[in-house]
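Secondary and tertiary structure notes
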Amino acid sequence: MKRSVFATPYIVWMIMFIVIPMLFILYSAFIKDGQFTLEYVRQAMESPKYMNVLLRSIVIALISTALCLLIGYPVAYILSNMKKSTAAILSMFFILPMWMNFLLRTYAWQVVLADNGVLNMLLTSLGFPKGEFMYTQGAVLLVTVYNFLPFMILPIYTVLSKIDRSHIEAAHDLGANSIKTFFKVVLPLSVPGIISGITMVFIPAITTFAISRLIGGKNVALYGDLIEEKIVSSGSLGLGSVLSIILLVLVIISIFVMHRMEVEQGNEEGGTLW
Amino acid sequence: MESNHLIELVNVTKEYSGEKALDNINLYIRNGEFLTLLGPSGCGKTTMLRIIAGFTMPTNGDVYLDGKRVNEVPPYKRRVNTVFQKYALFTHLNVFDNVAFGLKLKKVGKKEIQRRVESILELVNLKGYERRWIDQLSGGQQQRVAIARALVNDPEVLLLDEPLSALDKKLRKDMQVELKRMQQAVGITFVYVTHDQEEALTMSDTVVVMNEGKIQQIGTPQDIYNEPKNKFVAQFIGESNIIDGVMLQDYLVSFKGSAYQCVDTGFEPNEPVDVVIRPEDVDIVPLGSAPLTGVITDVVFMGVHYAITVNCNEFSLMVHTTDYVPVGEHVSVQILPDAIHVMKKPKTLDESEAIEATQEMKAIEEGMDAEEQ
Ligand SMILES: Nc1ncnc2c1ncn2[C@@H]1O[C@H](COP(=O)(O)OP(=O)(O)OP(=O)(O)O)[C@@H](O)[C@H]1O
Ligand SMILES: [Mg+2]
């Protein structure tokens, strides 16, 4: 019996849940009444409204990825310099929320950010004026960063804690103080972790619709919301399919770019996904 | 403290969770000296280097560099470079950038960096490997990059932790000569770690023999080889016959039932001692020409010489000689007075520690005298 037999369930799964739906999407994007058509593509490209939402999605995904990196790198760095046992306990605090359903976590933020929510109660009890948090871009960013931060911290932490201490000692030995050692040795060696962190945050962030739906409302609708609206609410399957394909192409491009960056780094090992 | 003492360790002890990796080390290293730390695996050689480089803080005691106490000075402020036992090369940089790392930090000009890196790579036989990544090099090549990376900085002191261990015999010999030549030409102080006694004896000005965190003997290679201070040193350096004996009086030692003339003095009358006889210092002579007789029981050809075991009734003696003698032959063995080295027996623990401490101090003084002559 050939070993490849064991791959059969996986292949069946792939065909049923990935290939067939993709074909279905392609079909509804380009075929109308049994004829090939580019009408949906034209609609998707020409409407400034769709393009604005796409732009906003990209900007929000970029900003939240950057914020995750800005917060996540120092956290990962501090964790990696701790004793293994302490680091294990502390990293539980980041992993624990991930065991809770993503939607529940997002709903919880609604309770915090609502007009009569926890945050405003806290503010008024401290004598500050109430603020409006729900349905703002800031709130969407906050919740996105909250949800995806662990996906930034973990790969960076993994790579950092694998860096051999002797590299750091060698840098000190050659005259580098701690800051120079960080920028000349630690940071470059952790690039694979950064790249996979960015990939793991950027892609879900650009495709999300739950966060923007629950926290951003109509004000901060993202591309994912648009697709969902077209397909589910307004029933224009063709247009929705084209929008999905555009998003998919965007994701593939970003994966490709990340992969290139990693190859240029000249370092094939590391905590990357690909 | 004398001015030519570049490095000085005073009462240095290093404990790892109660275990002493270094036990009350007193040692100075002179400017421009080639000093070798020699000892079996786990005796504390690397620990000693790490304390000099500043990666490890001594539990007790002080470290002086250039007469200044440096216990709290971080490694990057010490003019000391290290060739690490595990190389510790930067995997994100190519060979050139690895070697240039220290120079770039010192803001040396681009042209100058280029020149110095190229000449040092030529020296270690790695010309043309500048653009290679570290993981594309063999173990021996990596080791040579590590040497180049440290040496290119013109350090005051170069610490080398078994820097040639991954090289084949020929390359190792070449690199030994090369390192020695560079050390003499540039006048860098080398602190060299090895467990290869031959390497230690051929390269060093001073050899420090260590065991279990303690210095056993400090001296020139000749001292160490010809006048081992105790049984450990005698066994560790070269091959030895070590026999229980009794010092009858000055210049007269008895072992295995006979008395022999020797060159040693300063023992109590009838003090029990260890007698060391180097296999190459004794000679096999025709039966009857010397008092000690025996039967040849084993002959092994070693390349240059034969290793011959002579059974002399009560004990076996190892003899190295270039003359072949067949097994079973009855012979005499000639042991001349200067072939016999008499050593004090180690006492009970506390006592022997005290003795070793005084021996260390003596050894230090003797080392100094030897150098001054
Ligand atoms: N970081 C550490 N933590 C605990 N024990 C250590 C540490 N470093 C060294 N030791 C112990 O100290 C002793 C001396 O180690 P060291 O590395 O100095 O030996 P060495 O002489 O360099 O041996 P080798 O020739 O095998 O390299 C050993 O028993 C070792 O287990
Ligand atoms: Mg070692």
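Residues numbered from 1 in each chain as written. Chains lettered and ligands numbered in written order. Predicted model: local features only at pLDDT ≥ 70, side-chain atom pairs only at ≥ 80, totals over all residues. Heavy atoms only, no water.

1. Some points on the environment of V111(A)
Residues and elements named next belong to chain A. What counts here: Helical segments are the DSSP runs of H or I of at least four residues, strand segments are the runs of E of at least two, and each set is numbered from the N terminus. Relative accessibility under 20% of the residue-type maximum defines a buried residue, over 50% an exposed one, and the middle range a partly exposed one, all with a 1.4 Å probe and only protein chains included. Contacts are residue-level and defined by heavy atoms, with any inter-residue pair within 4.5 Å sufficient.
With respect to the helices, strands and loops of the structure, V111 is situated in helix 5 (residues 102-113). Relative accessible area serves as the criterion here: at 52%, V111 is assigned to the exposed category. When the C-alpha atoms of V111 and M134 are compared, they prove to be 9.7 Å apart, with 23 residues separating the residues in sequence. For V111, the residues in contact, after removing those within four places along its chain, are G117 and V118.

2. Observations concerning the site of ligand 1
Residues and elements named next belong to chain B. The condition is simple: In these notes, residues near a molecule or strand are those with any non-hydrogen atom within 4 Å of it. Whenever a nitrogen or oxygen atom comes within 3.5 Å of another N or O atom, the pair is scored as a polar contact, on the condition that within protein one atom can donate a hydrogen and the other can accept it, and that pairs from neighbouring residues in sequence are kept only if both atoms are in side chains. Put simply, Ala, Val, Leu, Ile, Met, Phe, Trp, Tyr, Cys and Pro go in the nonpolar bin, Asp, Glu, Lys and Arg in the charged bin, and everything else, Gly too, in the polar bin.
As a matter of local geometry, ligand 1 sits amid Y16, A21, S41, G42, C43, G44, K45, T46, T47, Q85 and E162. Between ligand 1 and T46, the relevant distance is 2.5 Å, taken from an oxygen atom to a side-chain nitrogen or oxygen of the residue. At 3.0 Å, a side-chain N or O of Q85 approaches an oxygen atom of ligand 1. Residues that form the shell around ligand 1 fall into these classes: three nonpolar, six polar and two charged.

3. Comments concerning unusual backbone geometry
Even without being a glycine, D33(A) presents a positive backbone phi close to 50°. Mapped onto the secondary structure, D33(A) falls in the loop between strand 1 (31-32) and strand 2 (35-36). Even without a glycine there, the phi angle at E162(B) is positive, about 45°. Summarising the element assignment, E162(B) is placed in the loop between strand 7 (157-161) and helix 5 (169-186).

4. A word on the nonpolar core
Applicable threshold: By nonpolar core we mean a set of buried residues, namely Ala, Val, Leu, Ile, Met, Phe, Trp, Tyr and Cys, connected to one another through side-chain atoms within 4.5 Å.
If you look at the biggest cluster of nonpolar residues, it comprises 98 residues, and the most contacted ones within it are I215(A), Y223(A), L27(B), L37(B), M48(B), F101(B) and V191(B). Take this core: its biggest share by element is 12 residues, from helix 7 (residues 137-162) of chain A. Y87(B), F96(B), V124(B) and I147(B) belong to the second-largest nonpolar core, a separate cluster that totals 36 residues.

5. A short note on the domain arrangement of chain B
Residue and element names in this part refer to chain B. Put simply, the rule is: Just so you know, the domain bounds were taken from an automatic or database domain assignment. What counts as buried area is the accessible surface, traced by a 1.4 Å probe, that two parts surrender upon association, with contributions from both included. In the sections that follow, a salt bridge refers to a side-chain nitrogen of Lys or Arg positioned within 4 Å of a carboxyl oxygen of Asp or Glu.
Looking at the assigned domains, one finds that chain B contains domain 1 (5-226) and domain 2 (231-344). Averaged C-alpha coordinates put domain 1 and domain 2 at centres separated by 38 Å. The interface of domain 1 with domain 2 comprises 14 residues on the first partner and eight residues on the second. Note on domain 1 versus domain 2: buried area summed over both sides is about 940 Å², and carbon and sulfur give 67% of it. Per-residue buried area on domain 1 facing domain 2 is highest for Q197, Y225 and N226; these three make up 48% of the total on that side. Across the contact surface, domain 1 and domain 2 share zero salt bridges. The tally of links between domain 1 and domain 2 comes to four residue pairs in polar contact (both at pLDDT 80 or more). Looking at the side of domain 1 that touches domain 2, the elements that each hand over two or more residues are helix 6 (197-203), strand 9 (206-211), strand 10 (214-219) and helix 7 (221-226).

6. Quick word on the side chain of Q183(B)
Residue and element names in this part refer to chain B. Along the chain, Q183 falls in helix 5. Among the residues examined, Q183 registers a relative accessible area of 2% and is labelled buried. At a separation of 2.9 Å, a polar atom in the side chain of Q183 contacts the main-chain carbonyl oxygen of G32. Sequence-distant contacts of Q183, defined by excluding residues within four places in its chain, comprise G32, E33, F34, I188, F190 and D205.

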